[in-house]
Amino acid sequence: MEAGLPVDRLTRPETPRPATGIVHLGLGAFFRAFGCVYVADAMQASGGAWGIVGVSLRSPDTRDALKPQGWAYTSVTLAPDGPQTRVIDVLNDVLVAPEDPEAVLVAMADPRVKIVSLTVTEKGYCHNPATGHLNANHPDIRHDLSHELPRSAPGYIVRALQRRMAAGLPPFTVMTCDNLPHNGALVRGVILDLARRIDPALADWIASEGRFPATMVDRITPATTDADIATVERLTGRHDAAPVVHEPFRQWAVQDDFVSGDRPDFAAAGAQMVDDVTAFEDMKLRMLNGTHSALAYLGYLAGHETIADTVADPVFATYVHRCWAEIMPAVKAPEGVSLPDYADALFDRYANPAIRHRTWQIAMDGSQKLPQRLLGTLRANIDAGRDSPALCLAVAGWMRYVAGTDEAGSPIDVRDPMAVLLRKTATDSVPGTVTALLSLEQIFPADIAALLAAPVMQAAALLWSQGARAAAAEVAP
Ligand code: CS2
């Protein structure tokens, strides 16, 4: 295409729209690059009316970008040998919850809707990360307890289920797709707790009729940039204001437990439908997300912009292998899976130079991520008498990061629901900072904090005195 000529806007293909069967809360890039693609593939393979109404819980940006395109968008697979594009057209509408909460509840209470799925990130569950239980003091939960029109994702689910019970409808299945430990049980617990505070009979009905399958989701999907939008324009000859970019790899393990068995034929799209996702989830949260966070904090501190840049640095390539060596003894592999092969595949995925996944993006919300990504592994290793110097360095890396100043003395833009508290908790002295941060029980249960005090103190002393790169080299020679 010649530079400077106006290009057409992407429009939705003239194919019939399937009726809406799914409402998705938290329509970010990840779900559009993952869940929507599986649903498109499942309908292509086996049919079914599984159109999706997406809900943005905060900003109107995605709705505003997709509306002129009839909700269609381009999904770009970034393989190391070049990109491939595909138009995804499973969205039937996008609602912006704060603008019209009633419209969201009406959509969720529609009898044709069988599934409400969620990618609201860890903090969207309004739970205590250390215990997994509802945080009843969360401002949005306090609001939702006293108002019919909610603000939080759990609030929307409970109020919509309340309408369905009153209308004599079956509940929808609640399918969480966030990286939380035992995510199905966790969201069930949060929903039942909130429902019980509103109406015990509603909680009883949800407990007996509702279904909350656990899922393990996996596809690396960096935030879309202006450069990605320009690339899509170059590749397709059309302007798409909200494409998604992602790696070729995808894996979805889904607990096959849906209300009346009603769901898309996910297996036809390559998902693994299983009775128990625990082994998949433990492996992925610990091996992938645990090392992602470790590389994010230490890589950022060492001045690396992306995960691919970080693992291209031989020090961090060795370091991440050392992390996997510490993690593998604490993970029970799903049947038929070799953990060393899984680690090798992860390394190749991280090294994909086409994926520009910023360390800063992954470093976000560490207070909500650390328990399931790193602390479970550390507890298992300590219980078994195994040292974990590389993982302790990752925890120290998080501490240095949230203290808010990088190695050159510049401020770090720390994004975390606890950012203000974390920065206030950090002190001028390294041991003081470690002790104070370990005493935050929302993140570190007291017993883990006590066990981690000595090794994390040692890692922190190394990190603050030598810097992230030299410290990584020291623990992983
Ligand atoms: C990442 C994940 O941002 C993060 O915290 O670790 O989003 C990761 O890319 C996905 O879980 C991969 O499936």
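Remember, predicted model here, so these are calculated numbers, not experimental data. (Residues numbered from 1 in each chain as written. Predicted model: local features only at pLDDT ≥ 70, side-chain atom pairs only at ≥ 80, totals over all residues. Heavy atoms only, no water.)

Looking only at helices and strands, the protein has 20 helices and 13 strands in total. Relative to the globule expectation of 23 Å for 477 residues, the C-alpha radius of gyration of the protein, 22 Å, shows essentially globular dimensions. Oriented by its inertia axes, the alpha-carbon framework of the protein measures out at about 65 × 60 × 45 Å. In the protein, once contacts between residues fewer than 6 apart in sequence are set aside, the share between residues at least 24 apart is 76%. Of the charged side chains in the protein, 41 are positive and 55 negative, and the gap between their average positions amounts to 3 Å. (Helix = DSSP H or I, 4+ residues; strand = E, 2+ residues; numbered from the N terminus. Rg over C-alpha atoms; globule rule 2.2 N^0.38 Å. Contact = heavy atoms within 4.5 Å. Lys, Arg positive; Asp, Glu negative; His and termini not counted. Charge placed at Lys NZ, Arg CZ, Asp CG, Glu CD.)

To continue, consider the pairing of strand E12 (residues 251–255). E12 sits mainly inside the fold: four of its five residues count as buried. Here strand E9 (residues 215–218) pairs with E12 via four bridges, running antiparallel. Within E12, the residue paired with threonine 215 across the bridge is valine 254. Across three bridges, E12 lies against strand E13 (residues 272–274) in parallel orientation. Opposite alanine 253, over in E13, you have glutamine 272 as the bridge partner. (Buried < 20%, exposed > 50% of the residue type's maximum accessible area, 1.4 Å probe, protein only. Pairing = 2+ DSSP bridges.)

With that settled, the discussion passes to the sheet that holds strand E4 (residues 73–79). Here three strands make up an open sheet; going across it, the order is E5-E4-E11 and the pairing mixed. Two strands close off the open sheet at either side, each with one partner strand: strand E5 (82–88) and strand E11 (244–246). Neighbour-to-neighbour, the strand axes of the sheet open up by a mean angle of 25°, direction not taken into account. Taken together, the three bridges between E4 and E11 define a ladder with parallel strand orientation. In the strand pairing of E11, threonine 77 is matched with histidine 246. The sheet strands contacting helix H2 (residues 35–46) are E4 and E5, and the helix crosses E5 at an angle near 65°. (Axes fitted to C-alpha atoms, helices over the stretch in contact; angles between N-to-C directions.)

Our focus in this paragraph is the site of the ligand. Taken together, the neighbourhood of the ligand is formed by Asn179, Val217, Asp218, Arg219, Ile220, Lys284, Asn289, His292, His357, Ile362, Lys369 and Arg373. Here an oxygen atom of the ligand and a side-chain polar atom of aspartate 218 are 2.6 Å apart. A distance of 2.8 Å is found between an oxygen atom of the ligand and a side-chain nitrogen or oxygen belonging to histidine 292. Of all the elements in the fold, those that place two or more residues in the shell around the ligand are E9, helix H10 (278–301) and helix H15 (366–383). The element that contributes the greatest number of residues to the shell around the ligand is H10, accounting for three residues. Its residues assigned to classes, the shell around the ligand comprises three nonpolar, four polar and five charged. Both domains that meet at the shell around the ligand, namely domain 1 (8–274) and domain 2 (278–475), each give it at least three residues. (Near = heavy atom within 4 Å. Polar contact = N/O pair within 3.5 Å; in protein donor to acceptor, adjacent residues only side chain to side chain. Nonpolar A, V, L, I, M, F, W, Y, C, P; charged D, E, K, R; others polar. Domains from an automatic or database assignment.)

Per the counting criterion, the structure on display carries 11 aromatic pairs. Between phenylalanine 316 and tyrosine 319, the ring centres sit 6.3 Å apart and the planes meet at 85°, which makes this aromatic pair edge-to-face. Here tyrosine 319 and phenylalanine 316 lie together in helix H12 (residues 314–327), a separation of three residues that amounts to about one turn. On the basis of relative accessible area, tyrosine 319 is assigned to the buried category, the value being 0%. These aromatic residues form a ring-pair network of at least three members: Phe30, Phe34, Tyr38, Trp252, Phe258 and Phe266. (Phe/Tyr/Trp six-rings, centres within 6.5 Å; stacked < 30°, edge-to-face > 60°.)

This paragraph deals with the packing of H12 against helix H13 (residues 339–351). Running from N to C, H12 and H13 point in directions that differ by 145°, and their axes come no closer than 11 Å. Here the hand of the crossing between H12 and H13 comes out right-handed. Taken together, the residues of H13 that come into contact with H12 (itself represented by Ala317, Val320, His321 and Trp324) are Ala343, Leu346, Phe347 and Tyr350. (Left-handed = near helix turned anticlockwise from the far one by under 90°.)

Moving on, we come to the sheet that holds strand E6 (residues 91–96). In space, the five strands of this open sheet follow the order E6-E3-E2-E7-E8, with parallel pairing throughout. In this open sheet, the two strands that pair with only one neighbour each are E6 and strand E8 (173–176). Between one strand axis and the next, the sheet turns through 20° on average, direction left out of account. With five bridges joining them, strand E3 (residues 51–56) and E6 adopt parallel strand pairing. For valine 55, the partnering residue across the bridge sits in E6 and is leucine 95.

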